[in-house]
Amino acid sequence: MFFAQYYLDCLSQASYMIADETTGRAVVVDPRRDISEYVADAAAHGFTVEGVLNTHFHADFLAGHLEMADRTGAWIGYGRSAETEYPSRKFADGDRVSLGDVTLQIMETPGHTPESISILVYEHGDDPVPYGVLTGDALFIGDVGRPDLLASLGATADELGRMLYDSVQRKLMALPDEVRVFPAHGAGSACGKNLSTQRQSTIGEQRATNYACRPMSEEQFLALVTAGQPAAPGYFSYDAVLNRREHGLFDVAGVARPLSAEEFMQRRAAGAVVVDARSPQDFAAGHLRGSVNVPADGRFAEQAGMVVAPEQEVIVITPQDREEEVLTRLARIGFDRTGGYLREPEGAFPALAGDMDRASRLTADELRRLRGGDEPPLVLDVRNTAEREEGCIDGSLHIPLAELARRIDEVPVGRPLVVHCAGGHRSSIAASLLRHAGRTDVSDLLGGYGAWLAESVPADV
């Protein structure tokens, strides 16, 4: 058996290829849109990718099933309750896919979404115990899939939570302890709240250490898994629907178009949103007025999807030689309305001086002094709820970054604003979004709440 995990750090997303080395027949599970790595690996090993299995309609990324089918001729498979605009095979509980001796068996595990499946992997079709189980977003390492996402169209969080209880407590926990667990996401994903950095585990380890896998009643389970979930990015519902639909194929060459300064400014004037993917430091030193700062060094795609709407045209400014990477990462979440990138921005900026601006960034000490003045600024906390529960700046307004774009009218107009997060990354995004929306007196806090807290602790005498 050939078994490979492909992990995408910026989306905390795992996909898999399983093949029978004797027959050369392979299946890819939960692929991303840029499929070249899977295709290259299959070619290097002499495999034929016969099928693509998606464990569910993903909300946090646009899966690469259409790209794989187009490139390889593979069929596309889902759980039996999935409805798609494109041709797909439906698999019910217990159905098997034979690749030769290597065999995959479908286990219906709804709860994160109604159509969710897990996939048992058998190295030999007659093995009494599977090698492992690909759990999709039903069971993570340290957590389970949240049942409250808008991805689950037509079902309530309560209904899905009860399905998830059955899937986790009665189905997955009924597997032998030695079965390896391979989830679809890891730490950092908004698909859960307590995901581990580990990329594989066992049923036994999860039974012993995962809070949601301990024996408990259905009501206890519901209370635990619905509490303290992070705010979901706005694009999640868009991707969950788009993954069901026929849509255009990924083509980075089609979107990675260099634009002159004149072309770039024409698109900006026509309504395109400028996403500046440079660091907060470089952005603060000088940027096009009204641009939104989403640093490439971080969870770029997810955070861009928090502050830009999928239907908006996007043009980008990127760090040197990272244009294709940034546009690929936008495409991974289905943001295909990209008009290109500014060619050599550092050389173009001097000619655009009249449209350039600097961003105000304050130290914790400067903020403290301003708060004691005649016109204290309003402090906006854009951390998640669980982070704020551990401590906050007195009197601050709380709107998580993932909710700010749709709740921006809750931020008072005509008053100085200082935005903070935990360390200073998300606050630069939020402050730039507020300026884009017309707020003029906006600063962000250098070092975030961590710096504020450190400033509040008296030095040892």
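Right, let's walk through the structure included here. Nothing here was measured: the structure is a model prediction, and the numbers come from that model. (Residues numbered from 1 in each chain as written. Predicted model: local features only at pLDDT ≥ 70, side-chain atom pairs only at ≥ 80, totals over all residues. Heavy atoms only, no water.)

Digging into the overall build of the protein
This is how the line gets drawn: Secondary structure elements are defined from DSSP: runs of H or I of at least 4 residues count as helices, runs of E of at least 2 residues count as strands, and each element is numbered from the N terminus. Within these notes, the globule rule equals 2.2 Å times the number of residues to the 0.38 power, and the radius of gyration is based on C-alpha atoms. Only protein chains enter the accessibility calculation, which uses a 1.4 Å probe; a residue whose area is less than 20% of its type maximum is buried, one above 50% is exposed, and one in between is partly exposed. The criterion used for residue contact is that any of the two residues' heavy atoms lie within 4.5 Å. Each accessible area value is a Shrake-Rupley result obtained with a 1.4 Å probe; residue values ignore everything except the protein chains displayed when judging cover.
Broken down by element type, the protein carries 17 helices and 24 strands. Against the compact-globule benchmark of 23 Å for 461 residues, the protein has a radius of gyration of 24 Å, which places it among compact chains. Across its three principal directions, the C-alpha atoms of the protein cover 75 × 55 × 45 Å. Each of the 461 residues in the protein was classed as buried or not, and the buried ones make up 57%. Looking at the protein alone, contacts between residues at least 24 apart form 67% of all its contacts between residues at least 6 apart. In the structure as shown, the protein presents an accessible area of about 18400 Å², 48% of it carried by carbon and sulfur atoms.

As for the pairing of strand β17 (residues 314-317)
Quick note on the threshold: Pairing between two strands is assigned when DSSP locates at least 2 bridges connecting them.
Burial of β17 is two-sided: the residues V314 and V316 facing one way and the residues I315 and I317 facing the other way are all buried. Bridge count for strand β14 (residues 273-276) against β17 is 4 bridges, and the pairing is parallel. The residue bridging D276 from the neighbouring strand is I317, located in β17. One ladder, built from 3 bridges, connects β17 with strand β18 (residues 338-342); its direction is parallel. Looking at β18, one finds that V314 is bridged to T338.

Considerations on the pattern of salt bridges
What counts, and what does not: Any carboxyl oxygen of Asp or Glu within 4 Å of a side-chain nitrogen of Lys or Arg constitutes a salt bridge here.
Taken as a whole and judged by the stated rule, the model has 31 salt bridges. The partner of E37 in a salt bridge is R32, with the nearest N and O atoms 2.8 Å apart. Of the charged contacts in the structure, one is a salt bridge between R162 and E218, with a shortest N-O distance of 2.5 Å. In this pair, R162 is assigned in helix α3 (residues 157-171) and E218 in helix α5 (residues 218-226), connecting sequence segments 56 residues apart. On the accessibility criterion, E218 (25% relative accessible area) is partly exposed. One network of salt bridges, with partners in common, ties together R32, D34, E37 and R332.

A look at the sheet that holds β18
Here we have 5 strands laid out as an open sheet, ordered β13-β18-β17-β14-β16, and parallel in their pairing. The open sheet has two edge strands with one neighbour each: β13 (258-259) and β16 (292-293).

With respect to the packing of aromatic side chains
For any pair of aromatic rings, the description rests on two quantities: the centre-to-centre distance and the angle between the ring planes. Rule in force here: Classification of ring pairs rests on two measures: the distance between centres of Phe, Tyr or Trp rings, Trp counted by its six-membered ring, which must be within 6.5 Å, and the angle between planes, read as stacked under 30 degrees, edge-to-face over 60 and tilted in between.
Here the structure, examined in full by the defined rule, presents 13 aromatic pairs. Measuring from ring centre to ring centre gives 5.5 Å for W75 and F91, while their planes differ by 45°; the resulting arrangement is tilted. Taken together, the residues W75 in strand β5 (residues 75-79) and F91 in strand β6 (residues 89-91) connect sequence positions 16 residues apart. When sorted by exposure, W75 lands in the same class as F91, which is buried. A ring pair is formed by Y131 and F182, whose centres lie 6.2 Å apart and whose planes are at 15°; its orientation type is stacked.

Quick look at the nonpolar core
Worth spelling out the cut-off: To qualify as a nonpolar core, a set must consist of buried Ala, Val, Leu, Ile, Met, Phe, Trp, Tyr and Cys residues joined through side-chain atoms within 4.5 Å.
Of all hydrophobic cores here, the largest spans 53 residues; its most connected members are V307 and L434. Beyond its immediate chain neighbours, meaning those up to four positions away, L434 contacts L380, L404, I408, V411, L417, V419, R439 and V442.

Concerning the environment of V275
Looking at where V275 falls in the secondary structure, it is placed in strand β14. Residue V275 is classed as buried on the basis of its relative accessible area, which comes to 1%. In this structure, the C-alpha to C-alpha distance between V275 and Y341, residues 66 residues apart in sequence, is 9.5 Å. The contacts of V275, once residues within four sequence positions are left out, are V292, V294, F300, V308, V314, I315, V316 and I317.

A few points about the pairing of strand β10 (residues 132-136)
In terms of burial, β10 is a largely internal element, 5 of the 5 residues being buried. On β10, burial covers both faces: G132, L134 and G136 on one face and V133 and T135 on the other are all buried. Note that strand β9 (residues 117-122) and β10 share 3 bridges and pair antiparallel. In the strand pairing of β10, V121 is matched with G132. Relative to strand β11 (residues 180-183), β10 is paired through 4 bridges, and the arrangement is parallel. The residue of β11 that forms the bridge with V133 is V181.

Some points on the packing of helix α10 (residues 300-307) against helix α11 (residues 323-332)
Here is the rule we go by: Helix axes use the C-alpha atoms of the stretch in contact, all axes being lines fitted to C-alpha atoms, and the angles between their N-to-C directions lie in the range 0 to 180 degrees. By the definition used in this description, the sense in which the near helix is turned from the far one sets the handedness, with an anticlockwise turn below a right angle giving left-handed and a clockwise turn giving right-handed. We call Asp, Glu, Lys and Arg charged. Ala, Val, Leu, Ile, Met, Phe, Trp, Tyr, Cys and Pro are nonpolar, and the rest, Gly among them, are polar.
Running from N to C, α10 and α11 point in directions that differ by 65°, and their axes come no closer than 9 Å. Crossing of α10 over α11 shows right-handed handedness. Here F300, A301 and A304 of α10 come into contact with α11, specifically with V326, R329 and L330. When the residues that make up the contact of α10 with α11 are grouped by side-chain class, the tally is 5 nonpolar, no polar and 1 charged.

Some words on unusual backbone geometry
A positive phi angle, near 50°, is found at S12, a position not held by glycine. With respect to the element layout, S12 can be found in the loop between β1 (2-8) and β2 (13-20). Judged by relative accessible area, S12 falls into the buried class, the value being 1%. Although it is not a glycine, E344 adopts a positive phi angle of roughly 45°. Tracing the backbone through its elements, the reader meets E344 in the loop between β18 and α12 (345-348). What makes E344 exposed here is its relative accessible area of 58%.

Some points on the sheet that holds β11
If you walk across this open sheet you meet the 6 strands as β7-β8-β9-β10-β11-β12, and the pairing is mixed. Here the strands that pair on one side only, and so sit at the sheet edges, are β7 (96-98) and β12 (201-202).

Geometric descriptors of this kind do not, in isolation, establish any biological role.
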